[in-house]
Amino acid sequence: MASTAFPSRDDFAALLNDSLGGEDGGFEGRVVKGTVTGIENDLAVIDVGLKSEGRVPLREFAMPGQKADLKVGDEVEVYVDRVENAHGEAMLSRDRARREAAWDKLEAEFTESARVEGVIFGRVKGGFTVDLDGAVAFLPGSQVDIRPVRDVTPLMDIPQPFQILKMDRRRGNIVVSRRAILEETRAEQRSGLIQTLAEGQIIEGVVKNITDYGAFVDLGGIDGLLHVTDLSYKRINHPNEMINIGDTVKVQIIRINRDTQRISLGMKQLESDPWEGASAKYPVGAKLTGRVTNITEYGAFVELEPGIEGLVHVSEMSWTKKNVHPGKIVSTSQEVEVLVLEVDPEKRRISLGLKQAQSNPWDSFAERHPVGSTVEGEVKNATEFGLFIGLDGDVDGMVHMSDIAWGISGEDALALHRKGETVQAVVLDIDVEKERISLGMKQLERGGPAAGGTAAAAAGLNKNAIVTVTVLEVRDGGLEVQAGEDGAAGFIKRSDLGRDRDEQRPERFQVGQKFDAMVTGFDRAKKPTFSVKAMQIAEEKQAVAQYGSSDSGASLGDILGEALKAKNEG
């Protein structure tokens, strides 16, 4: 008996496909129409003409965030995954049907660059997911809005338009943009609104954003820039000193660039200009009080009234403090008294002087210490040409090296003093315009010009005269001596203390010791200079002339011996 072969399940499926028109007319992988025959819990029972019905979750028939509006008898389109599963049911999908239909529609709209409607329903890394009527698209975070959005919750589950940036059906990728729609809409609004605006127009707006350089004001669909310099006539360091985000402000349109659609706004233009009549309010020479608003390397700005500032240049800040940073003289917000030096209303500039509002210390010094008076101060600095002495009134006087001490070189005189030492000096000259005070220290020495009588005392002395001197002071460079009891004081340099090196040691002399010396000359102050060496040479020449000759055959010792004997006998 011949065996009978029973067809397998796959054979039944093949026979069914044949009965429906062959392989091309089969159900699997196709979108077909079906009828809702029942609703069981969260499932819809759908008959698509197969031997068994299929069940599809109700959520597949609803948009994200909404309930399914489905009832028995409704005709719907579904996608047939398989004709029959392990339970003998048809495997149907509403999502797949919608996705296939959506892709066909989206491809056509993408080709035409048309807007599509979708719903933001989820978050993913880098952006959000959008349901485009069944097809899932990706919305990058940068394409949500024109400006960064911190909270996207209010935008979710709401149907709204999107622009397809790119799509790939084979990979199932779609990228959309909400920002492109907003920018296009905004550009249309801006183009229409900008035509209604005019330069000089006064309009109200809302502050949308604040930066270091100004604020952006929404004029009802188009933004204008309110620069920080146009907020107020007075100095503003940051816009938030005057306005805040959300404030409603009245502004004037300064400029409109219709090509770039940029609008410049101003608030200070609605106020009266404080510079009008500035020349009359602030005449040159007027002394005023102001507040320091800003300090730079080249000076300080002083506010005379809101909107009007003047510059005190660094050179006009102090009579005595030179080459210092203005911040070491004044501080921000400090009230100062200034003098108007120059006014230029057209350039909106006022030059001020800080030191001119104060008494000139050089004039004050000249009044308190006339030429010839004695002053005392500290050695501030020593230079190669003299000493700078700090005097009262915060001024300096200079002692030239030639006026430090009598009878020694300027270099040696400079070496006698050190920085920080307190010294006395005589005022020799005051030049207020050049801010110079000339001092002399040697004029205070015993018998010097400041003590009086030096010229008279020196008048009794003649050059080359031999006089008896008394040691007043022993120094490394020589001796300070005085001729007679109350005669003129002078100096004997180290090299003039004797002919021999051993005799040229100042330390071999003592204060009060007396000896003879020759007057060799007078300096500019008619102070005499003495020399023992010159006296010795003169005496030697005299002895040779009197007691011997070049051909007498007598030795120098014999000649000097005879001269000394004659002197003693006399």
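Bear in mind that the values here come from a model prediction, so they are computed numbers and not experimental data.

Parameters at a glance
- Residues numbered from 1 in each chain as written.
- Predicted model: local features only at pLDDT ≥ 70, side-chain atom pairs only at ≥ 80, totals over all residues.
- Heavy atoms only, no water.
- Helix = DSSP H or I, 4+ residues; strand = E, 2+ residues; numbered from the N terminus.
- Buried < 20%, exposed > 50% of the residue type's maximum accessible area, 1.4 Å probe, protein only.
- Contact = heavy atoms within 4.5 Å.
- Patch = residues over 30% accessible without salt bridge, like charges linked within 9 Å, V, L, I, M, F, W, Y side chains within 5 Å.
- Areas by Shrake-Rupley, 256 points an atom, 1.4 Å probe, with all protein chains shown as cover.
- Salt bridge = Lys/Arg side-chain N within 4 Å of Asp/Glu carboxyl O.
- Lys, Arg positive; Asp, Glu negative; His and termini not counted.
- Charge placed at Lys NZ, Arg CZ, Asp CG, Glu CD.
- Pairing = 2+ DSSP bridges.
- Expected span 1.5 Å × (residues − 1).
- Axes fitted to C-alpha atoms, helices over the stretch in contact; angles between N-to-C directions.
- Phe/Tyr/Trp six-rings, centres within 6.5 Å; stacked < 30°, edge-to-face > 60°.
- Lys NZ or Arg CZ within 6 Å of the ring centre and 35° of its normal.

Draft legend 1. Summary view of the overall build of the chain. What the chain contains, in helices and strands, is nine helices and 30 strands. The proportion of buried residues among the 570 residues of the chain is 39%. By sequence separation, contacts in the chain at least 24 residues apart represent 58% of the contacts at least 6 residues apart.

Draft legend 2. A positive patch on the surface, seen in detail. Side chains of Arg494, Arg501, Arg505 and Arg508 sit close together on the surface and give a patch of like positive charge. Looking at the secondary structure, you find Arg501 in the loop between strand S28 (489-493) and strand S29 (514-522).

Draft legend 3. Inspection of the pairing of strand S26 (residues 466-475) at higher detail. The pairing of S26 with S29 spans five bridges and is classified as antiparallel. For Val469, the partnering residue across the bridge sits in S29 and is Phe515. By the bridge criterion, six bridges tie S26 to strand S27 (residues 478-483) in an arrangement that is antiparallel. Residue pairing across strands places Val474 opposite Leu479, the latter belonging to S27. Where S26 folds back on S27, the antiparallel hairpin that results is connected by two residues.

Draft legend 4. Broad picture of helix H3 (residues 179-194). End to end, H3 covers 21 Å across 16 residues, agreeing with the expected 22 Å (1.5 Å per residue, within 8%). Within H3 the residues assigned to the buried category are Ile181, Arg190, Leu193 and Ile194. If you follow the buried residues of H3, they end up packed against strand S6 (115-124), strand S9 (160-168), strand S10 (173-177), strand S13 (223-227), strand S14 (248-257) and strand S15 (262-266).

Draft legend 5. Layout of unusual backbone geometry. Backbone geometry places Ser113, a non-glycine residue, at a positive phi of 55 degrees. When you line up the elements, Ser113 lands in the loop between helix H2 (94-111) and S6. Positive phi is not limited to glycine here, since Arg348 has a value of about 55 degrees.

Draft legend 6. Structural detail: the environment of Gly377. Counting through the fold element by element, Gly377 comes out in strand S21 (residues 374-382). For the pair Gly377 and Gly397, spaced 20 residues apart in sequence, the C-alpha separation works out to 9.1 Å. Among residues more than four places away in sequence, those in contact with Gly377 are Ile389, Gly390, Glu421, Thr422 and Val423.

Draft legend 7. Representation of the sheet that holds strand S25 (residues 436-440) in the model. On the basis of which strands lie adjacent, the closed barrel formed by five strands has the order S21-S22-S23-S25-S24 and mixed pairing. Each strand of the sheet is rotated relative to its neighbour by a mean of 55 degrees, with strand direction disregarded. In this structure, strand S23 (residues 395-400) lies alongside S25, joined through two bridges in parallel fashion. Its bridge partner lying in S25, Met398 is registered against Ser438.

Draft legend 8. Just the packing of aromatic side chains, in detail. Across all of its chains, the model carries three aromatic pairs by this definition. Ring geometry for Phe509 and Phe515: centres 5.0 Å apart, planes at 45 degrees, overall tilted. The class of Phe515 is buried, set by a relative accessible area of 13%. The ring of Phe301 carries the charged tip of Arg235 above its face, separated from the ring centre by 4.9 Å.

Draft legend 9. Spatial organisation of the pairing of S25. With five bridges connecting them, strand S24 (residues 422-431) and S25 associate as antiparallel partners. Paired with Asp429 across the bridge in S25 is Ser438. Counted along the chain from S24 to the antiparallel partner S25, the turn is four residues long, and its residue Glu435 has a positive phi close to 55 degrees.

Draft legend 10. Broad picture of the pattern of salt bridges. Scanning the entire structure with this criterion turns up 16 salt bridges. Between Arg169 and Glu107 there is a salt bridge whose closest N-O contact spans 3.2 Å. With Arg169 in the loop between S9 and S10 and Glu107 in helix H2, the pair connects residues that are 62 residues apart, well separated along the chain. Through salt bridges with shared partners, a single network forms among Arg147, Lys208 and Asp223.

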